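# A closer look at the structure
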Amino acid sequence: MMQTSKPRKVKNRQVQSEGNPFIKLIEDKIKISEAVQEGKPINALTDIRFVKPV
Amino acid sequence: MPLQIFVLSSLYSLSPSKGGYIFTNTAGDGYYTYFTPFTLQAKDTAPIETVSFGFECKRVNPDKRQVYDDKAKRTIVHIIKNYFDKSNGNALLYICLNSDGKARHRNIIFGKWFKELGQGYERHKSKVETENLDFFSSILVKVDNPKKKSIINAFHFTIDYWFPQE
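Bear in mind that the values here come from a model prediction, so they are computed numbers and not experimental data.

### Thoughts on the overall build of chain A
Counting secondary structure elements, chain A contains one helix and two strands. For chain A, the sequential pattern of α-helices and β-strands runs β-β-α. Evaluated residue by residue, chain A yields a buried proportion of 35% over its 54 residues. Accessible area of chain A: about 3,600 Å², with a carbon and sulfur share of 49%.

What follows is the structure in structure tokens.
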């Protein structure tokens, strides 16, 4: 069985927005989700950098 | 049936797309998997470049009750395993957003899926709640990765850095 650690919970924290990679990841995830649900090609999301599948 | 054919038929057929793979399940639902770069910050060393994984499902009949698709799970696990096999010891980040209040449930489901990777992998988790954000994040890393400790430390350091205590 794969080992997992207990989650560290970060509650009531401040947010450093400028340059925050998690916020960028979340924004990209939302854009991708909207594009997929609207039937638009992910290729059209030119402001998101994808890593080519290996 | 030859073993190879049996194994391949236990997965949906994959088509490469920009940054990931696409597959369609028996019901006609489209799955879009993707990889994006993610930089982990470290306290005393250079940043660690890694990759985040995500996927979206576009359902043919979104109003219809969704049936659990074990083959889709196996296909996604296969994509993740293939990434680790080919990425020369890297790590993989994943987040679950709670915008629909279902992040905990998804996080549990994906935890079960990640166990399918089997022995040799570790999953480290974190949950972030701020006034406007609520999400789970996980990082997967191979047990025998020589940089495992650095990667895990960097994962937690990055979260603490960008979501500092008040």
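### Overview of the overall build of chain B
Helix and strand counts for chain B come out as four helices and seven strands. Secondary structure elements in chain B, listed N-terminal to C-terminal, are α-β-β-β-β-α-β-α-β-β-α. For a compact globule of 166 residues, the expected C-alpha radius of gyration is about 15 Å, and chain B comes in at 17 Å, within 12% of that figure. For chain B, the spread of C-alpha atoms along the principal axes amounts to about 55 × 40 × 30 Å. The buried share of chain B, reckoned over its 166 residues, is 51%. Contacts spanning at least 24 positions in sequence make up 54% of the contacts within chain B whose residues lie at least 6 apart. For chain B, the computed accessible surface area is about 8,800 Å², with 52% contributed by carbon and sulfur atoms.

### Brief notes about the nonpolar core
All names here are of chain B. Counting 27 residues, the largest nonpolar core has Phe53, Phe55, Ile76, Ile80 and Leu92 as the members making the most contacts within it. Taken together, the elements giving at least two residues each to this core come down to β2 (20–24), β3 (30–40), β4 (48–58), α2 (70–86), β5 (91–97), α3 (103–115) and β7 (134–142). Ranked by the residues each element gives to this core, the list is headed by α2, at seven residues. Leave out the neighbours within four places in its chain, and Ile76 touches Phe23, Tyr31, Phe53, Phe55 and Trp113.

### Remarks on the side chain of Glu56 of chain B
Its place among the elements puts Glu56 of chain B in strand β4. Buried Glu56 of chain B, no salt bridge; nearest opposite-charge side chain is Lys29 of chain A, N-O distance 4.5 Å. Among the polar contacts listed, one links the side chain of Glu56 of chain B to the side chain of Ser33 of chain A, at a separation of 3.2 Å. Not counting residues up to four positions away in its chain, the partners in contact with Glu56 of chain B are Lys29, Ile32, Ser33, Val36 and Gln37 of chain A together with Gly30, Tyr31 and Tyr32 of chain B.

### Comments concerning the interface of chain A and chain B
Chain A puts 41 residues into the contact, and the matching count from chain B is 54 residues. Here chain A and chain B share an interface that buries about 4,600 Å² over both sides, 64% of which is from carbon and sulfur atoms. Connecting chain A to chain B are four residue pairs in polar contact (both at pLDDT 80 or more). Listed by contribution, the elements that provide at least two residues to the side of chain A that touches chain B are β1 (3–4), β2 (8–13) and α1 (21–37) of chain A. Here the side of chain A that touches chain B is composed, by residue class, of 20 nonpolar, twelve polar and nine charged.

### Here we look at the packing of aromatic side chains
What characterises a pair of aromatic rings is the spacing of the ring centres plus the angle enclosed by the ring planes. Residues and elements named next belong to chain B. Counted under the stated rule, the structure contains 21 aromatic pairs over all chains. Between the aromatic rings of Tyr161 and Trp162, the centroid separation amounts to 5.0 Å while the plane-to-plane angle is 80°, which identifies the pairing as edge-to-face. Stacked on the ring of Phe136, the Lys or Arg Lys127 has its end atom at 5.1 Å from the ring centre.

Thresholds applied
Residues numbered from 1 in each chain as written. Chains lettered and ligands numbered in written order. Predicted model: local features only at pLDDT ≥ 70, side-chain atom pairs only at ≥ 80, totals over all residues. Heavy atoms only, no water. Helix = DSSP H or I, 4+ residues; strand = E, 2+ residues; numbered from the N terminus. Buried < 20%, exposed > 50% of the residue type's maximum accessible area, 1.4 Å probe, protein only. Areas by Shrake-Rupley, 256 points an atom, 1.4 Å probe, with all protein chains shown as cover. Rg over C-alpha atoms; globule rule 2.2 N^0.38 Å. Contact = heavy atoms within 4.5 Å. Core = buried A, V, L, I, M, F, W, Y, C linked by side-chain atoms within 4.5 Å. Lys, Arg positive; Asp, Glu negative; His and termini not counted. Salt bridge = Lys/Arg side-chain N within 4 Å of Asp/Glu carboxyl O. Polar contact = N/O pair within 3.5 Å; in protein donor to acceptor, adjacent residues only side chain to side chain. Buried area = accessible area lost by both parts, 1.4 Å probe. Nonpolar A, V, L, I, M, F, W, Y, C, P; charged D, E, K, R; others polar. Phe/Tyr/Trp six-rings, centres within 6.5 Å; stacked < 30°, edge-to-face > 60°. Lys NZ or Arg CZ within 6 Å of the ring centre and 35° of its normal.

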